Amino acid sequence: MAHQAHAYHMVDPSPWPLTGAVAALLMTSGLAIWMHFHNMTLMSLGLILLLLTMYQWWRDIIREGTFQGHHTPPVQKGLRYGMILFITSEVFFFLGFFWAFYHSSLAPTPELGGCWPPIGITTLNPFEVPLLNTAVLLASGVTVTWAHHSIMEGQRKQAIQSLTLTILLGFYFTALQAMEYYEAPFTIADGVYGSTFFVATGFHGLHVIIGSTFLAVCLLRQAQYHFTSDHHFGFEAAAWYWHFVDVVWLFLYISIYWWGS
Amino acid sequence: MAARLLLRTCPLRVLQLRGGTAARPLQRAMASAGGIPTDEEQATGLERRTLQALKQGKDPYSILKPKQYTGTKTDPHIVPSIGNKRLVGCLCEEDNTAIVWFWLHEGEPQRCPECGSHYKLVHHELPH
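Residues numbered from 1 in each chain as written. Chains lettered and ligands numbered in written order. Predicted model: local features only at pLDDT ≥ 70, side-chain atom pairs only at ≥ 80, totals over all residues. Heavy atoms only, no water.

### Some thoughts on the state of the cysteines
Residue and element names in this part refer to chain B.
- For the coordinates displayed, the defined rule picks out zero disulfides over all chains.
- Free cysteine Cys115: the closest other cysteine sulfur is in Cys92, separated by 3.6 Å.
- Given the relative accessible area of 35%, Cys115 is considered partly exposed. (Disulfide = S-S within 2.5 Å. Buried < 20%, exposed > 50% of the residue type's maximum accessible area, 1.4 Å probe, protein only.)

### Observations regarding helix H6 (residues 191-223) of chain A
- In this model, H6 of chain A (33 residues) spans 48 Å end to end at C-alpha, consistent with the 48 Å of a helix rising 1.5 Å per residue.
- Immediately beyond the C-terminal end of H6 of chain A, within one or two residues, lies Tyr225 of chain A, with a positive phi of roughly 65°. (Helix = DSSP H or I, 4+ residues; strand = E, 2+ residues; numbered from the N terminus. Expected span 1.5 Å × (residues − 1).)

### As for the UniProt feature "binding site: Zn(2+)" (unreviewed entry) in chain B
Residues and elements named next belong to chain B.
- The residues that UniProt annotates with the feature "binding site: Zn(2+)" (unreviewed entry) are Cys90, Cys92, Cys112 and Cys115. The largest pairwise C-alpha distance within this set of annotated residues, which runs over 26 residues, is 8.6 Å, so the set is compact in three dimensions. For the second largest pocket, the lining residues drawn from the annotated set are Cys90, Cys92 and Cys115.
- Relative to the helices and strands, Cys90 is located in strand E2 (residues 85-90).
- When its relative accessible area of 3% is taken as the criterion, Cys90 is described as buried.
- Leaving out residues up to four positions away in the same chain, Cys90 has contacts with Ile99, Val100, Phe102, Cys112, Cys115 and Tyr119. (UniProt positions renumbered as here; feature names shortened; annotations may be inferred. 1 Å grid on protein atoms, 1.4 Å probe; cavity = no way out; pocket = protein on both sides within 12 Å on 5 of 7 lines; lining within 4 Å. Contact = heavy atoms within 4.5 Å.)

### Considering the UniProt feature "modified residue: N6-acetyllysine" (unreviewed entry) in chain B
Residues and elements named next belong to chain B.
- Residues given the UniProt feature "modified residue: N6-acetyllysine" (unreviewed entry) here are Lys67, Lys85 and Lys120. Lining the second largest pocket, out of the annotated residues just given, are Lys67.
- Note that Lys67 resides in the loop between helix H3 (45-55) and strand E1 (77-81).
- Judged by relative accessible area, Lys67 falls into the exposed class, the value being 61%.
- Those residues in contact with Lys120 that sit more than four places away from it in its chain are Pro76, His77, Ile78, Val79, Leu104, Gly107 and Pro109.

### Some words on the UniProt feature "transmembrane region" (unreviewed entry) in chain A
All names here are of chain A.
- Under the UniProt annotation, "transmembrane region" (unreviewed entry) lies at residues 16-34, 40-58, 79-102, 129-147, 159-177, 197-220 and 240-260.
- Taken end to end, residues 40-58 comprises 95% helix and 0% strand; its first and last C-alpha atoms sit 27 Å apart.
- In residues 197-220, the share of helix is 100% and the share of strand is 0%. The end C-alpha atoms are 34 Å apart.

### Thoughts on the layout of surface pockets
Residue and element names in this part refer to chain B.
- The computed volume of the second largest pocket comes to approximately 1100 Å³.
- In terms of lining, the second largest pocket is formed by 34 residues, of which the most central are Pro66, Lys67, Ile78, Val79 and Pro80.
- Every element with two or more residues in the lining of the second largest pocket is listed here: H3, E1, E2 and strand E5 (118-123).
- Ranked by the residues each element gives to the lining of the second largest pocket, the list is headed by E2, at five residues.
- The residue makeup of the lining of the second largest pocket includes at least three contributed by each of domain 1 (39-64) and domain 2 (69-127). (Points joined across faces, edges and corners; volume = space filled by probe spheres on them. Domains from an automatic or database assignment.)

### Let's talk about a nonpolar patch on the surface
- Together, Leu87, Leu91, Ile99, Trp101 and Trp103 of chain B make up a nonpolar patch on the protein surface, roughly 550 Å² of accessible area in all.
- The class of Trp103 of chain B is partly exposed, set by a relative accessible area of 44%. (Patch = residues over 30% accessible without salt bridge, like charges linked within 9 Å, V, L, I, M, F, W, Y side chains within 5 Å. Areas by Shrake-Rupley, 256 points an atom, 1.4 Å probe, with all protein chains shown as cover. Salt bridge = Lys/Arg side-chain N within 4 Å of Asp/Glu carboxyl O.)

As structure tokens, this is what we get:
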């Protein structure tokens, strides 16, 4: 029985930070090996180790919080700060790509024809699939809020339904975007337009997949009664992340798809 | 493994919920009829102990800001402790950058060596 006089969580020793660091090392050096020697072994090993680390570390956090009760109110507050700081760092990450886009598009060089979009680029119509994608993500923002209120009000069935709908909308966005990528009349190699378009929307798509995965884990946990009506921070973190993904898309849509077309 | 979990928990429940029938009775009796447990029903470990104590107006794990006392002889600062002595840091005046540290022992109230505020150690037990 723990006899601490404070409400904080002094975590037990864990191997996952070390395996995570080793995974980072293998992935980065593996990336260099792949680029120079066409061998994917080291990078794949790093990726597998990363996935194992994430699975086991977060599983342990769930065990510590939900099953052992270590996540007291002060501990939860710390987790909230952590998630907010992480999302803030991701905002800065995307800010960089928006900076790159505006740098190239506000003062297009002679090589591009002195105009934006550059000569030879047929842009996507912002009022076709991109507009549908916008509606899909906005709707998913509504459904995730519906899920949150369902949890707070103790409504299990509605919580599961609305969370499932949110995830399905996320998959729909990903599928639509994948189709757009396949059908697009330009590629990443098509000058700075292609670079800025695919890197910015590509990282966004990756974040949609990450966010959908996070929500899916929450759905599994909700189905297994992990969340209570007052304490469901894992879900709140996933919802915050999902809203962040939605906001990034809105900026992408306005800047690259609409203004940039 | 995650796929097995999903198959195990979702389809049967979804079918039950869609059908509106309970193919088998709810495994847990929920005070909250909606089906999501409350902290009262499900919180465990240290989280449960802190929540139960706060409900009774107690704060054994020092989560809340300490109560304000004037620090006079008749209204000394009450310092809870699980042992028979505790370190006290006196911020004699607001905005002071030098904290006055001293051990507070059980028994007679002691005074801060700098500003003279009174402090009294009060024993308390941790909930088990």
